[in-house]
Amino acid sequence: MSAPRVLLDPTPEQRPARRPRQPRLSELDGRCIGLLDISKARGDVFLDRVEQLLQQRGARVLRFRKPTFTKPAPLDLRQKIAVECDAVIEALAD
Amino acid sequence: MQEVPPLPSGLVAFVKRDCPTCQLVAPVLRQISKVVPLTVFSQDDPGFPEGVETRDDTELAQSWHRGIESVPTLIRVVDGAEQQRVLGWQRKEWEALSGVPELGPELPEWRPGCGSLSVDPGRRAELRVRFTSGRLHSRRVPLAELEDEIEACFARGWSDGLPVVPPTPKRVLAMLEGTNRSPQEVVAVVPPDRVECTVEKVAINAVMAGCRPEYLPVVIAAVEAACSDAFNIHGLLATTMPVAPILVVNGPIRRAIGMNSGINVLGQGNRANCSIGRALQLVVRNVGGGRPGEVDRATFGSPAKLGLCFAEDEEGSPWEPLSVALGAPPGANTVTLFPGEAPRSIVDQLSREPESLCRSFAACLRTLHHPKLVLAFDCLLAIGPEHARVFREAGWSRSQLTGRLHELLRIPGSELARGAGGIAEGIPLASGAEASQVPKFRPGGILLVHCGGGAGLFSAMMGGWVTGAEGSQPVVQEIRP
């Protein structure tokens, strides 16, 4: 029998291990929610309304903004959100 | 890598029976072996030549690892280390190397040898796999007995929608011959998954795209440029707009690898043009994880997303090449990446004066993306030879042409304002600014490239994407061997 045919893997060989989701917040009252504006037009309109709704439910809201929607958020911004917030909502708008 | 034992001390000869010169020197080898220790490695017949101590090298391991190019080759070895070698039969050289006088008095002074079996074109690829596959670190994916190789690549999600060349170790090792770089050298960190991409992974994807080994340095340079912060392939991939990296190759390598800069330059039919652009996109897909419907959110996309790569016609151009205009030294091999949409045609078959032709270009360029949107996008303007002739004959430089286009593309704010012309789309205009002139493109935002041919009073324009540091900037990258 001939040797088995093999191909070389063109991918980074990181099979997507399914990561468990973070546990959901059980309530909003007293929690800090980050709102991340990705700098697309009218994202602020959407987030203003989300902020109102969150505050009505007793949450504290912090606002963040990416420098440009075309690139991933800078590391320091991601770390700031992770340190200061219990949860984050990222707004896509156009 | 497979190890081979060191060469025995004394004299060592590599021969094959199929070589007339080796048969000619067989008596000489017997003559030498009576005086000094001699070991003969025989490539095709362990019994040849008779009367001397032979070693079987029909597997060609010693021949491969000692870099034998022709037979007979005579080598002097001391403590396992080669001191000197002689190729073919040369009486004086053989006498000097062996220290044995009056070798083969009946032989001619000199006879060239034959090609070593270890460099035989028909066997080289197989030998490379046997002796150097340890260079490859990528995971081996075994195929089932009845599995079709090309269908297997589709099934594993490695294809852009067209068949790919299955990346066997043999093909990938051959591809790696196209570069001096180590297979494990990291070329770039590829978005969106931000994965380190080695030369080997680029080579695998270049095989799949259909590249020849001599294209590999261009593909590597394109990957480096695409993944730079300035070019920002991440944003280009993720955007809803129909844009892709457009590759323009400059320098002598264009001709060396047979690229097309003439008839049908932006179309099909040339292997280098078609496969180099495709290889970059396969790296983004397979290494970076950038796939349509996932991070790639293009509303329409464009055929250029399969890969769009072409060469500039430098020889026929009235101007310095695009790469030089962007700061590269003249004569350098470069690839320039432009973030652009698919080409659109500009037809002007009547203008014979630069001013008239410039006005045609400006009228068409104004419409890029939208006639009322300005300063958001660059453009790549491909000028065909019959249009370029108009400027050459009038003695216009590249900067004169782009300068005039910038002048003609200053548009009254009143025409651009939101709502103007009954069109909601447009720019926000401060009140009182209606009389101001707004440029369509930023300074430096019109890039010229000369290509296409032979007949046709046409040019082509490719609109860009979000320009500047917020989006993507054209990047010129040197191609290194």
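Parameters and conventions
Residues numbered from 1 in each chain as written. Chains lettered and ligands numbered in written order. Predicted model: local features only at pLDDT ≥ 70, side-chain atom pairs only at ≥ 80, totals over all residues. Helix = DSSP H or I, 4+ residues; strand = E, 2+ residues; numbered from the N terminus. Buried ≥ 20, exposed ≤ 12 C-beta atoms within 10 Å, placed from the backbone. Rg over C-alpha atoms; globule rule 2.2 N^0.38 Å. Core = buried A, V, L, I, M, F, W, Y, C linked by C-beta atoms within 7 Å. Expected span 1.5 Å × (residues − 1). Pairing = 2+ DSSP bridges. Right-handed = clockwise from strand over helix to strand, strands pointing away. Contact = placed C-beta atoms within 7 Å. Nonpolar A, V, L, I, M, F, W, Y, C, P; charged D, E, K, R; others polar. Axes fitted to C-alpha atoms, helices over the stretch in contact; angles between N-to-C directions. pLDDT = per-residue confidence, 0-100.

K.L.:
Looking at this structure, how should I read the overall build of chain A?
P.N.:
A tally of regular secondary structure across chain A gives two helices and four strands. Taken from the N to the C terminus, the helices and strands of chain A come in the order β-β-α-β-α-β. In terms of principal-axis extent, the alpha carbons of chain A reach across some 75 × 30 × 25 Å. When each of the 94 residues of chain A is scored for burial, the buried share is 15%.

K.L.:
What is the right way to read the overall build of chain B from this model?
P.N.:
Helices and strands together make up the secondary structure of chain B, namely 16 helices and 22 strands. The C-alpha atoms of chain B give a radius of gyration of 30 Å, which is well past the 23 Å a tight globule of 481 residues would have. Taken along its principal axes, the extent of the C-alpha atoms in chain B is 105 × 55 × 35 Å. When burial is assessed residue by residue, chain B has 44% of its 481 residues classed as buried.

K.L.:
Any chance you could explain the nonpolar core here in plain terms?
P.N.:
Side chains of a nonpolar character, in soluble globular proteins, are inclined to be buried together. Residue and element names in this part refer to chain B. If you look at the biggest cluster of nonpolar residues, it comprises 104 residues, and the most contacted ones within it are Ala206, Val219, Ala222, Val223, Leu247 and Cys379. Sort the elements by how many residues they give to this core and helix H8 (residues 216-226) lands first, with nine residues. Among the nonpolar cores identified, the runner-up in size contains 21 residues, and Leu7, Ala13, Leu38 and Val40 belong to it.

K.L.:
Quick question: what am I supposed to make of helix H11 (residues 271-286) of chain B here?
P.N.:
What sets the pattern is the α-helix's 3.6 residues per turn: residues three or four places apart point alike. Taking 1.5 Å of rise per residue, 16 residues should cover 22 Å, and H11(B) covers 21 Å from first to last C-alpha, within 8% of that figure. Counting buried positions along H11(B) yields 15 of 16 residues, so the element is predominantly enclosed.

K.L.:
So what exactly am I meant to see when it comes to the pairing of strand E2 (residues 32-37) of chain A here?
P.N.:
One face of the sheet, then the other: side chains in a regular strand alternate in exactly this way. Residue and element names in this part refer to chain A. By the bridge criterion, six bridges tie E2 to strand E3 (residues 60-65) in an arrangement that is parallel. Of the residues in E3, the one forming a bridge with cysteine 32 is arginine 60. Each parallel crossover has a hand, and for E2 linked through helix H1 (residues 43-56) to E3 it is right-handed. As paired elements, E2 and strand E4 (residues 87-91) share five bridges and run parallel to each other. By the bridge assignment for E4, isoleucine 33 is matched with alanine 87.

K.L.:
Got a minute to help me understand the interface of chain B and chain A in this structure?
P.N.:
Often the size quoted for an interface is simply the accessible area lost on bringing the parts together. Taken together, the contact between chain B and chain A spans 29 residues of the former and 14 residues of the latter. Elements with a minimum of two residues in the side of chain B that touches chain A: strand E10 (140-142), helix H5 (149-155), helix H6 (169-176), helix H7 (199-209) and helix H9 (233-238) of chain B. Among the elements that line the side of chain B that touches chain A, the one with the most residues is H7(B), at four residues. Across the side of chain B that touches chain A, the residue classes tally to 15 nonpolar, eight polar and six charged. The pairing of strand E1 (residues 6-8) of chain A with E10(B) spans three bridges and is antiparallel. Among the inter-strand pairings, A:Val6 is bridged to a residue of E10(B), identified as B:Pro142.

K.L.:
Would you mind showing me how to read the sheet that holds strand E16 (residues 344-347) of chain B here?
P.N.:
Through backbone hydrogen bonds, the strands of a sheet pair up, either in parallel or in antiparallel fashion. Residue and element names in this part refer to chain B. Spatially, the four strands line up as an open sheet ordered E16-E21-E17-E20, and their pairing is mixed. Sheet topology places E16 and strand E20 (446-450) at the edges, where each strand pairs with a single neighbour. Ignoring which end each strand starts from, the neighbouring axes of this sheet average 25 degrees apart. The sheet contact formed by E16 and strand E21 (residues 458-466) spans four bridges and is antiparallel. Residue pairing in the sheet places serine 345 in a bridge with alanine 460 of E21.

K.L.:
Would you explain the sheet that holds E2(A) in this entry?
P.N.:
Residues and elements named next belong to chain A. Taken in spatial order, the three strands line up as E3-E2-E4 in an open sheet, and their pairing is parallel. Edge positions in the sheet fall to E3 and E4, since each has one partner strand and no second. Neighbour-to-neighbour, the strand axes of this sheet turn through a mean angle of 25 degrees, independent of strand direction. H1 rests against E2, E3 and E4 of the sheet, and its axis sits at about 170 degrees to E2.

K.L.:
What is the right way to read the environment of B:Cys364 from this model?
P.N.:
Residue and element names in this part refer to chain B. Within the secondary structure, cysteine 364 sits in helix H13 (residues 354-365). The spatial distance from the C-alpha of cysteine 364 to the C-alpha of isoleucine 346 is 6.9 Å, given a sequence separation of 18 residues. Not counting residues up to four positions away in its chain, the partners in contact with cysteine 364 are Ile346 and Met461.

K.L.:
Just to check I follow, could you spell out the confidence of the model for chain B for this structure?
P.N.:
Detailed reading of predicted coordinates is not advised where the pLDDT is low. The predicted model of chain B has a mean per-residue pLDDT of 95, with 100% of residues at 70 or higher. Interface confidence for the predicted complex, given as ipTM, is 0.80, next to a pTM of 0.83.

K.L.:
Please clarify how unusual backbone geometry should be interpreted in this entry.
P.N.:
Only a minority of non-glycine residues have a phi that is not negative, and only a minority of peptide bonds are not trans. Residue and element names in this part refer to chain B. Phenylalanine 48 connects to proline 49 through a cis peptide bond whose omega is -10 degrees. Here proline 49 is to be found in the loop between strand E2 (38-42) and strand E3 (54-56). Phi at leucine 60 takes a positive value of approximately 70 degrees, unusual for a residue other than glycine. Within the secondary structure, leucine 60 is located in the loop between E3 and helix H2 (61-65). Accessibility expressed as a C-beta count within 10 Å gives 23 for leucine 60, which makes it buried.

K.L.:
What am I meant to see in the environment of B:Pro191 here?
P.N.:
Residues and elements named next belong to chain B. Tracing the chain through its elements places proline 191 in the loop between strand E11 (186-190) and strand E12 (195-198). The sequence separation of proline 191 and isoleucine 233 amounts to 42 residues, and the corresponding C-alpha distance is 7.1 Å. Once you skip the residues sitting within four places of it in the chain, proline 191 turns out to touch Cys227, Ile233, His234, Leu237, Gly288 and Gly290.

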